[in-house]
Amino acid sequence: EEEGGTLQVVEFELNQHKPLGCTVEESVAFENVKTKKGSFHHVFVAKVAEGGNAEKAGLQPGDVIVGLSGSFDEITDVIGVGLDRVRLFVSGREEDKALKIRVVRNSNVISTHESMLIDLCTLDGDSQKELKK
């Protein structure tokens, strides 16, 4: 879903990607959505290091990673595969080969993730009584 404007699919090619220069997180927002491969977990850019390779390429906080360079330089779909799989793609990319990243920009994934975290931390009176027992 859209949040800060029209949804955009943006593709980046990073010739320098080690280190990548960003922090990614796995969203808890859609963990109840099940796929053939298990739970569905978006991975989004949480922070971008100033002056790092990710910033130079144009990645922004909130970008949801939906595709990464595969074995034969094609972009492989990584929608909902989770943080561990995304890390494998990025860390497994040889340093002398460009890393292609496809993202969706202006989605509501990061805000939905943050509101879910707030909901997890906010307990009603009955829940607080249960915790004290």
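Conventions and cut-offs
Residues numbered from 1 in each chain as written. Predicted model: local features only at pLDDT ≥ 70, side-chain atom pairs only at ≥ 80, totals over all residues. Heavy atoms only, no water. Buried < 20%, exposed > 50% of the residue type's maximum accessible area, 1.4 Å probe, protein only. Helix = DSSP H or I, 4+ residues; strand = E, 2+ residues; numbered from the N terminus. Arc of directions from axis to C-beta. Contact = heavy atoms within 4.5 Å. Salt bridge = Lys/Arg side-chain N within 4 Å of Asp/Glu carboxyl O. Core = buried A, V, L, I, M, F, W, Y, C linked by side-chain atoms within 4.5 Å. Polar contact = N/O pair within 3.5 Å; in protein donor to acceptor, adjacent residues only side chain to side chain.

Q: Where do I start with helix 2 (residues 83–92) in this structure?
A: Every α-helix winds through 3.6 residues per turn, so residues three or four apart in the chain are directed the same way. Among all positions of helix 2, only L83, V86, F89 and V90 are buried. Along helix 2, the residues classed as buried sweep out an arc of 125° about the axis, all on the same side. Summarising the geometry of helix 2, the exposed residues directed more than 90 degrees from the buried face are D84, L88, S91 and G92. Packed against the buried residues of helix 2 are strand 2 (22–26), strand 5 (43–48), strand 6 (64–69), strand 7 (75–77) and strand 8 (99–105).

Q: Looking at this structure, how should I read the pattern of salt bridges?
A: Opposite charge on two side chains lets them pair, provided their charged atoms get close. Throughout the structure, instances matching the rule amount to three salt bridges. Between R105 and D63 there is a salt bridge whose closest N-O contact spans 2.7 Å. Pair noted here: R105 is in strand 8 and D63 is in the loop between helix 1 (53–57) and strand 6, with a separation of 42 residues, a long-range link.

Q: Looking at this structure, I do not really get the nonpolar core. What am I missing?
A: The nonpolar side chains of a soluble globular protein tend to be buried, and buried together. Among the nonpolar cores identified, the biggest contains 18 residues, and I65, L68 and I101 are the most heavily contacted of them. Of all the secondary-structure elements, those providing two or more residues to this core are strand 1 (8–14), strand 5, strand 6, helix 2 and strand 8. When sequence neighbours within four positions are dropped, the list of residues in contact with I101 reads V10, E11, F12, L14, L20, L59, I65, G67 and L68. Listed in part, the seven residues of the second largest apolar core include F44, A46, V66 and I110.

Q: So what exactly am I meant to see when it comes to the side chain of R105 here?
A: Since its relative accessible area comes to 11%, R105 is described here as buried. Of the polar contacts made by the side chain of R105, one reaches the backbone oxygen of G58; its length is 2.9 Å. Reaching out from R105, the side chain makes a polar contact with the side chain of D63 at a distance of 2.7 Å.

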